[in-house]
Amino acid sequence: MIRASLFDPGAQESTSGGVELIARWKDSKDGIIWLDIEGAPDDEVRSLLSNFDVHTLAIQDALRPRHPPKLERFENFLFILLRGLDAEASGIDFGVIQLSLFVGERFLLTRHSKPSVSANWLYEEIQQNSKLMRDGPGGLALQISNRLSRRYIEILLELEPRLDEIEEEMFLQPDDNLLSELTRYKSRLRKLTRIANYHKQIAAKLRDYPEPLIGKKFKHEVVDLYEQIERTQSLSNLYYQISIDLTDGYLGLSSHRLNRVMQILTIITVIFVPLTFLAGIYGMNFENMPELSNRMGYFIVIGIMFVVAVLQLLYFRRKRWI
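Below or above, wherever it landed, is the structure these notes cover. This is a predicted model, so every value here is computed, not measured. (Residues numbered from 1 in each chain as written. Predicted model: local features only at pLDDT ≥ 70, side-chain atom pairs only at ≥ 80, totals over all residues. Heavy atoms only, no water.)

1. With respect to the side chain of Glu 38
Link 1 in the chain: Mapped onto the fold, Glu 38 is located in strand β3 (residues 32-38).
Link 2 in the chain: Despite being buried, Glu 38 has no salt bridge partner; Arg 3 is the closest side chain of opposite charge, sitting 5.1 Å away.
Link 3 in the chain: If we ignore the near neighbours within four places in the chain, the residues touching Glu 38 are Met 1, His 112, Lys 114 and Pro 115. (Helix = DSSP H or I, 4+ residues; strand = E, 2+ residues; numbered from the N terminus. Buried < 20%, exposed > 50% of the residue type's maximum accessible area, 1.4 Å probe, protein only. Lys, Arg positive; Asp, Glu negative; His and termini not counted. Salt bridge = Lys/Arg side-chain N within 4 Å of Asp/Glu carboxyl O. Contact = heavy atoms within 4.5 Å.)

2. Some remarks on the pairing of strand β1 (residues 2-8)
Link 1 in the chain: Most of β1 sits inside the fold, with five of its seven residues counted as buried.
Link 2 in the chain: As paired strands, β1 and β3 are joined by six bridges and run antiparallel to one another. Bridge assignment links Ala 4 to a residue of β3, and that residue is Leu 35.
Link 3 in the chain: One ladder, built from five bridges, connects β1 with strand β2 (residues 13-17); its direction is antiparallel. Among the inter-strand pairings, Ser 5 is bridged to a residue of β2, identified as Ser 16.
Link 4 in the chain: From the end of β1 to the start of β2, which pair antiparallel, there are four residues, and Gln 12 there has a positive phi angle of about 55°. (Pairing = 2+ DSSP bridges.)

3. So, the pairing of strand β7 (residues 107-112)
Link 1 in the chain: A large share of β7 lies buried, amounting to six of its six residues.
Link 2 in the chain: Of the two faces of β7, the one holding Phe 107, Leu 109 and Arg 111 and the one holding Leu 108, Thr 110 and His 112 are both buried throughout.
Link 3 in the chain: Note: β3 against β7, six bridges, orientation parallel. Bridging across to β7, Leu 35 finds its partner in Leu 109.
Link 4 in the chain: Examined bridge by bridge, strand β6 (residues 96-104) and β7 share four bridges and lie antiparallel to one another.

4. A word on the environment of Arg 106
Link 1 in the chain: Following the sequence through the fold, Arg 106 ends up in the loop between β6 and β7.
Link 2 in the chain: Considering only alpha carbons, one finds Arg 106 and Leu 265, 159 residues apart in sequence, at a separation of 78 Å.
Link 3 in the chain: Dropping the residues within four chain positions of it, Arg 106 is found in contact with Trp 25, Ser 28, Lys 29, Asp 30, Gly 31, Ile 32, Ile 33 and Pro 137.
Link 4 in the chain: Here Gly 31 takes part through its backbone oxygen, which lies 2.7 Å from a polar atom of the side chain of Arg 106. (Polar contact = N/O pair within 3.5 Å; in protein donor to acceptor, adjacent residues only side chain to side chain.)

5. Brief notes about the nonpolar core
Link 1 in the chain: Ranked by size, the top nonpolar core spans 55 residues in total, and within it Trp 34, Leu 101 and Leu 108 carry the most contacts.
Link 2 in the chain: Of all the elements in the fold, those that place two or more residues in this core are β3, β5 (77-85), β6, α4 (117-128), α5 (136-172), α6 (176-208) and α7 (219-281).
Link 3 in the chain: With 13 residues, α5 is the single largest residue contributor to this core.
Link 4 in the chain: Apart from the residues lying within four places of it in its own chain, the contact partners of Leu 101 are Leu 78, Phe 79, Ile 80, Leu 82, Leu 108, Leu 109, Thr 110, Ala 141 and Ile 144.
Link 5 in the chain: Judged by nonpolar contacts, the second largest core, of 25 residues, contains Ile 22, Trp 25, Val 45 and Val 54. (Core = buried A, V, L, I, M, F, W, Y, C linked by side-chain atoms within 4.5 Å.)

6. Topic: the packing of α5 against α6
Link 1 in the chain: Interaxial distance between α5 and α6 falls to 12 Å at its minimum, and their mutual angle equals 155°. Put simply, α5 runs roughly antiparallel to α6. At the point where α5 passes α6, the crossing takes the left-handed sense. Taking contact as the criterion, the partners of Leu 148, Tyr 152, Ile 155, Leu 156, Leu 159, Arg 162, Leu 163, Ile 166, Glu 169 and Met 170 in α5 are, on α6, Leu 178, Glu 181, Leu 182, Tyr 185, Leu 189, Leu 192, Ile 195 and His 199. (Axes fitted to C-alpha atoms, helices over the stretch in contact; angles between N-to-C directions. Parallel < 35°, antiparallel > 145°, perpendicular 65-115°, else oblique. Left-handed = near helix turned anticlockwise from the far one by under 90°.)

7. Quick look at the packing of aromatic side chains
Link 1 in the chain: Inspection of the entire model under this criterion finds nine aromatic pairs.
Link 2 in the chain: Here Arg 3 stacks its cationic end above the ring of Tyr 123, 4.4 Å away from the centre of that ring.
Link 3 in the chain: A cation over an aromatic ring shows up here: Arg 188 above the ring of Phe 94, its NZ or CZ 4.7 Å from the ring centre. (Phe/Tyr/Trp six-rings, centres within 6.5 Å; stacked < 30°, edge-to-face > 60°. Lys NZ or Arg CZ within 6 Å of the ring centre and 35° of its normal.)

8. Comments concerning the pattern of salt bridges
Link 1 in the chain: Tallying each qualifying case throughout the model produces twelve salt bridges.
Link 2 in the chain: A salt bridge links Asp 36 to Arg 3; its shortest N-O distance comes to 2.9 Å. Pair noted here: Asp 36 is in strand β3 and Arg 3 is in strand β1, with a separation of 33 residues, a long-range link.
Link 3 in the chain: Glu 181 is the salt-bridge partner of Arg 162, the closest N and O atoms lying 2.7 Å from each other. Within this pair, whereas Arg 162 is found in helix α5, its partner Glu 181 is found in helix α6, the two being separated by 19 residues in sequence.
Link 4 in the chain: On the basis of relative accessible area, Glu 181 is assigned to the buried category, the value being 13%.

Here is the structure:
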């Protein structure tokens, strides 16, 4: 899907359409165009981007299925490569997509292989209020970037209550499924932290080295973008550490429960050792065993075994083993 919005600063109006708007943009002197490319073949993408004199190396990076987020300045445009959440992401078990932004003086080009919630959101906003394009390509790029960053924060904040629930369930209803869930969270949070680190570097460059194509008037928006990404990074690290603590706590509780079981089994074994010894002696049935002819022999042995068991239980009780 390829869609475009062409803004006429003189008339303060925008026109929505497709690739046909590129020719109208070239004919205008001050028109601003946003071209959003989703899932088009690589050859078609190269052909479209060549209309805006996009460098070949930037196109190659944009078409790669996996590439670390980056910011690179070219002669006539700014290339920003971000990693956003896919459209199906609704929680910590998220998928990601590559979102490429080419910011020129009069154009913004976005390319993604799958639907982008951030790009769709901005496109719908422009349909309702075309004057949003007065912010120019730099302002539009910042809006997409900010929306992309906020989605990461949203899924992190949704995770916090679940971590609290797991902490309570560990004591009330311990289950190995909790350990599997925590392991999955740790894996996703590590990935999210890595993405946030890349994005933070990009935002730091925009903040510390103002980009003419973004414009000084968006200084506060750049700072806000940096703060959102920094918050994403800090929350990811925090929840990762909490997940580690919960995992260690669960393993500690499991080990303690296992020790208690082994302690009880050991006590039972110790109690029955002398009883088994007595039963073994009087089970040999030698002819010259005098106790065998005693009418009270059976009751005496049973009594001795009972007393031995009781004494051992009292001893274990005194030692607080039971």
